[in-house]
Amino acid sequence: MPRYDLHCHSTHSDGLLPPAAVVARAAARGVDVLALTDHDEVTGLAEAREAAADAGITFVCGSELSVSWEDITLHIVALQIDPRNSTLTEGLDAIRAGRLTRARRIADALAVAGIAGAYEGAQKYVTSERLIARTHFARYLVEAGYARETKDVFKRYLTRGNPGYVAHQWATLSQAVGWIHAAGGQAVLAHLGRHDINASGMRRLLAEFRDTGGDAIEVLSPSHTPSQYVEFSTRARVFGLRASCGSDWHGPGEGWMDFGDLPEMPAGVVPVWKDW
Ligand code: AMP
Ligand code: MN
Ligand code: MN
Ligand code: MN
């Protein structure tokens, strides 16, 4: 069985390594089929595809789209997209356009909480002039001594109910799925276990995603416990969705899982790659 990893990040969004280095690491750790899925971005794909050809692994063009649904932010991983499709790239441009003003508002909120200079601080960690993410703020706040790890920054500052949190309107679910399909790709609801959402909200979301034409959900993710692997494979079956897997790797020493650490896909699901 080839090893699939269909979710990771490079310096074209909030990852620490350039696309070619991400691919080289994945290949060295035994990944056979890799998708690069930078947030709201496709500019790293050409470099990654070339590196994958050099390394002898199969490359999948991807992205991770930011979506607002009800009052939560969701991430929709796009797989097998044509990165030149203008419906998709214009949609991604629209999503990214809001990030700069949001970053200003995050900095203002942190300043109110007594943390000055966070916008400039975060900029030091930005690696693409096209995109700023909360991760860049998190890395700066660690440097400035407000927390020991980026995880703690999210827990204490950047998530709902905390001083550096600001609400933001991203794309809608149907826009994101529509753009992905226009580009010939599949839409995958990412790391569902990460959301604070009750059982009826989860059913509502999965029904709406399926009815909008969504293709798959992430079953294997470092955001999920082994019992959630089982839970989300059951949900995939119940809702007629396929199953995906990805390490969501951002860089050495960050996150919960490295390339090659994903377990086998549970039996009984249809993998998202079935017709590739
Ligand atoms: P943004 O799209 O700017 O809101 O940033 C989202 C990114 O922040 C995610 O893709 C993760 O890389 C990172 N992130 C979100 N929550 C956490 C967390 N609890 N711990 C560490 N990183 C997180
Ligand atoms: Mn990220
Ligand atoms: Mn995500
Ligand atoms: Mn991700």
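Each remark here, short or long, concerns the structure printed above.
Residues numbered from 1 in each chain as written. Chains lettered and ligands numbered in written order. Predicted model: local features only at pLDDT ≥ 70, side-chain atom pairs only at ≥ 80, totals over all residues. Heavy atoms only, no water.

Describing the pairing of strand β5 (residues 186-189)
Here's step 1: Across the two faces of β5 the burial is the same, with Gln186 and Val188 and Ala187 and Leu189 all buried.
Here's step 2: The sheet contact formed by strand β4 (residues 72-79) and β5 spans four bridges and is antiparallel. Bridge pairing in β5 places Ile76 opposite Leu189.
Here's step 3: The parallel pair β5 and strand β6 (residues 216-220), bridged by helix α8 (residues 199-211), forms a crossover whose chirality is right-handed. (Buried < 20%, exposed > 50% of the residue type's maximum accessible area, 1.4 Å probe, protein only. Helix = DSSP H or I, 4+ residues; strand = E, 2+ residues; numbered from the N terminus. Pairing = 2+ DSSP bridges. Right-handed = clockwise from strand over helix to strand, strands pointing away.)

Quick notes on the coordination of the manganese ion (ligand 3)
Here's step 1: Around the manganese ion (ligand 3), the protein contributes the donor atoms Glu64 (OE), His75 (ND1) and His191 (NE2), which lie 2.1 to 2.2 Å from the metal centre.
Here's step 2: Donor residues for the manganese ion (ligand 3), ordered by position in the chain, follow E-x10-H-x115-H.
Here's step 3: Separating the manganese ion (ligand 3) from the manganese ion (ligand 2) is a distance of 5.7 Å. Of the two residues, Glu64 sits in strand β3 (residues 58-69) while His75 sits in strand β4, which places them 11 residues apart along the sequence. (Donors = N, O, S within 2.8 Å, 3.2 Å for Na, K, Ca; no water.)

Thoughts on the packing of aromatic side chains
Here's step 1: In the structure shown here, the tally under the stated rule is four aromatic pairs.
Here's step 2: Here the aromatic rings of Tyr4 and Trp273 are separated by 3.7 Å at their centres, their planes lie at 5°, and the arrangement is stacked. Placement of Tyr4 in strand β1 (residues 4-5) and of Trp273 in the segment after β7 (242-245) is noted, with a sequence separation of 269 residues between them.
Here's step 3: Residue classification places Trp273 among the buried residues on the basis of a relative accessible area of 11%.
Here's step 4: With a centroid separation of 6.2 Å and 80° between ring planes, the pair formed by Tyr146 and Tyr157 is classed as edge-to-face. Of this pair, Tyr146 sits in the loop between α5 (134-143) and α6 (150-158) while Tyr157 sits in helix α6, placing them 11 residues apart in sequence.
Here's step 5: The class for Tyr157 is buried, based on a relative accessible area of 15%. (Phe/Tyr/Trp six-rings, centres within 6.5 Å; stacked < 30°, edge-to-face > 60°.)

Notes on helix α9 (residues 226-238)
Here's step 1: In a regular helix each residue adds 1.5 Å, so 13 residues correspond to 18 Å; α9 covers 19 Å between its end C-alpha atoms and thus fits that length.
Here's step 2: Within α9, the full set of buried residues consists of Gln228, Tyr229, Phe232, Ser233, Arg235 and Ala236. For α9, the angular spread of the buried residues around the axis is 160°, confining them to a single face. More than 90 degrees from the buried face of α9, the exposed residues found are Ser227, Val230 and Val238.
Here's step 3: Residues of α9 that are buried sit in contact with α8, β6 and β7.
Here's step 4: Phi turns positive one or two residues past the end of α9, at Gly240, with a value near 65°. (Expected span 1.5 Å × (residues − 1). Arc of directions from axis to C-beta. Contact = heavy atoms within 4.5 Å.)

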